[in-house]
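# What the coordinates show
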Amino acid sequence: MSTLSLPAQAYLLACDTGRDRLADRQRVAPLVRAAALTDLVLRGLVTDGDGRPVVTGAGGTGHLVLDDLLGDLAADPHRKWRGWVRRDARATLQSLETQLEAAGTITLKTSRVLGLFPRRRPVVRDRAEVARLHEAVTAALRGTEPASRVDPGVAALTSLAAAAELGTVFPRRERRQHKARLAELEDRAGAAVPALRKVVRELKAARTAAITAASSSGSGG
């Protein structure tokens, strides 16, 4: 599997290399955050303690995003998983992008929507790496190998992509079709995955409410 950190893998998996963009930055931000939490769990540095991430290991990982998060977790041990997935998610996404660009993994192109609002578009240098990530999670989801024998990082990445409802990775029909398999893979990933699912559902509900409110306001005028 890739030597990239799990949040970096999740980010690349979310990249649309055909259009050089992220399908949904608002959704990718908590995905990256949840992936960072999960990475720390897989490294044995964090565990679940009564619904909260608890730092159990010492030392750094060599990945700035992970080490920054590890320090935050140690300083605030009372926040629950869902709170950590939401907290500073956008800043974590931007920090990861900056690091990936510095490493030569991506090139960031900045444009403006309607000539006003800045938008960052990632151009992935090694598109074969993204293809490999897609192949790995697809094989984990559709494969017949017992979930217990799937590489932990791949199992986690598959679970995270499904929880974030990345349609470019797993369409809704496929997620439903392999629901039992996803549950088995998720058991190996840790508590950040269900927390991510809740956050994504909250984002979707907020969008729906905003659209409904805008529609009602327009028709009422």
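Quick look at the structure, then. (Residues numbered from 1 in each chain as written. Predicted model: local features only at pLDDT ≥ 70, side-chain atom pairs only at ≥ 80, totals over all residues. Heavy atoms only, no water.)

### Digging into the overall build of the protein chain
A count of helical and extended segments in the protein chain gives ten helices and six strands. In terms of overall size, the protein chain behaves like a compact globule, its C-alpha atoms giving a radius of gyration of 18 Å where 221 residues would be expected to give roughly 17 Å. Over its C-alpha atoms, taken along the principal directions, the protein chain stretches across nearly 55 × 40 × 35 Å. Within the protein chain, the proportion of its 221 residues that are buried is 42%. A separation of at least 24 residues holds for 67% of the contacts in the protein chain among residues at least 6 apart in sequence. Summed over all atoms, the accessible surface of the protein chain reaches about 11300 Å², with 50% contributed by carbon and sulfur. Once the 35 positive and 24 negative side-chain charges of the protein chain are each reduced to a mean point, those two points are 7 Å apart. (Helix = DSSP H or I, 4+ residues; strand = E, 2+ residues; numbered from the N terminus. Rg over C-alpha atoms; globule rule 2.2 N^0.38 Å. Buried < 20%, exposed > 50% of the residue type's maximum accessible area, 1.4 Å probe, protein only. Contact = heavy atoms within 4.5 Å. Areas by Shrake-Rupley, 256 points an atom, 1.4 Å probe, with all protein chains shown as cover. Lys, Arg positive; Asp, Glu negative; His and termini not counted. Charge placed at Lys NZ, Arg CZ, Asp CG, Glu CD.)

### Some points on the environment of H134
On the secondary structure map, H134 appears in helix α6 (residues 127-142). With residues near it in sequence (within four places) discarded, H134 still touches L13, T168 and V169.

### Here we look at the packing of aromatic side chains
According to the stated counting rule, one finds zero aromatic pairs in the structure shown. Positioned above the aromatic ring of W84 is the side chain of R79, whose terminal nitrogen or guanidinium carbon lies 5.2 Å from the ring centre. (Phe/Tyr/Trp six-rings, centres within 6.5 Å; stacked < 30°, edge-to-face > 60°. Lys NZ or Arg CZ within 6 Å of the ring centre and 35° of its normal.)

### A look at the side chain of H178
In this fold, H178 is placed in the loop between α8 (172-177) and α9 (179-186). The residues contacting H178, other than those within four sequence positions of it, are L141 and R142.

### Description of the nonpolar core
Among the nonpolar cores identified, the biggest contains 58 residues, and Y11, L31, L37, L40, L160 and L196 are the most heavily contacted of them. When residues of this core are assigned to their parent elements, the largest contribution, nine residues, is made by helix α2 (residues 25-42). Not counting residues within four places of it along the chain, the set of residues in contact with L40 comprises L45, V46, T61, L66, L69, L70 and L73. The next biggest cluster of nonpolar side chains, apart from the first, holds seven residues, and it includes A136, A140, A147 and A155. (Core = buried A, V, L, I, M, F, W, Y, C linked by side-chain atoms within 4.5 Å.)

### A word on the side chain of T92
Considering the arrangement of structural elements, one finds T92 in helix α5 (residues 89-102). The contact partners of T92, leaving out residues within four places of it in the chain, are V32, R33 and V65.

### Some thoughts on the environment of R121
Its location among the elements puts R121 in strand β6 (residues 117-124). The spatial distance from the C-alpha of R121 to the C-alpha of L185 is 31 Å, given a sequence separation of 64 residues. The residues contacting R121, other than those within four sequence positions of it, are R19, D20, R21, T107, L108, K109 and S111. Here R19 takes part through its backbone oxygen, which lies 2.8 Å from a polar atom of the side chain of R121. (Polar contact = N/O pair within 3.5 Å; in protein donor to acceptor, adjacent residues only side chain to side chain.)

### Notes on helix α7 (residues 152-163)
End to end, α7 covers 16 Å across twelve residues, agreeing with the expected 16 Å (1.5 Å per residue, within 8%). Among the twelve residues that make up α7, eleven are buried, leaving the element largely enclosed by the rest of the structure. For α7, every residue scored as buried is listed here: G153, V154, A155, A156, L157, T158, S159, L160, A161, A162 and A163. Taking the backbone nitrogen of G153 as reference, a side-chain oxygen 2.9 Å away marks D151 as the first, capping residue of α7. Just downstream of α7, E165 is the residue with a positive phi angle, here 55°. (Expected span 1.5 Å × (residues − 1).)

### So, unusual backbone geometry
With the exception of glycine, the majority of residues adopt a negative phi angle, and the majority of peptide bonds are in the trans configuration. If you check the backbone angles, D50 has positive phi at about 55° while not being a glycine. By the secondary structure assignment, D50 is in the loop between β3 (46-48) and β4 (53-55). A relative accessible area of 68% means that D50 is categorised as exposed. A positive phi angle, close to 55°, is found at D88, a residue other than glycine.

### Some details on helix α1 (residues 6-14)
In terms of burial, α1 is largely enclosed, as nine of its nine residues are buried. Those residues of α1 that sit buried are L6, P7, A8, Q9, A10, Y11, L12, L13 and A14.

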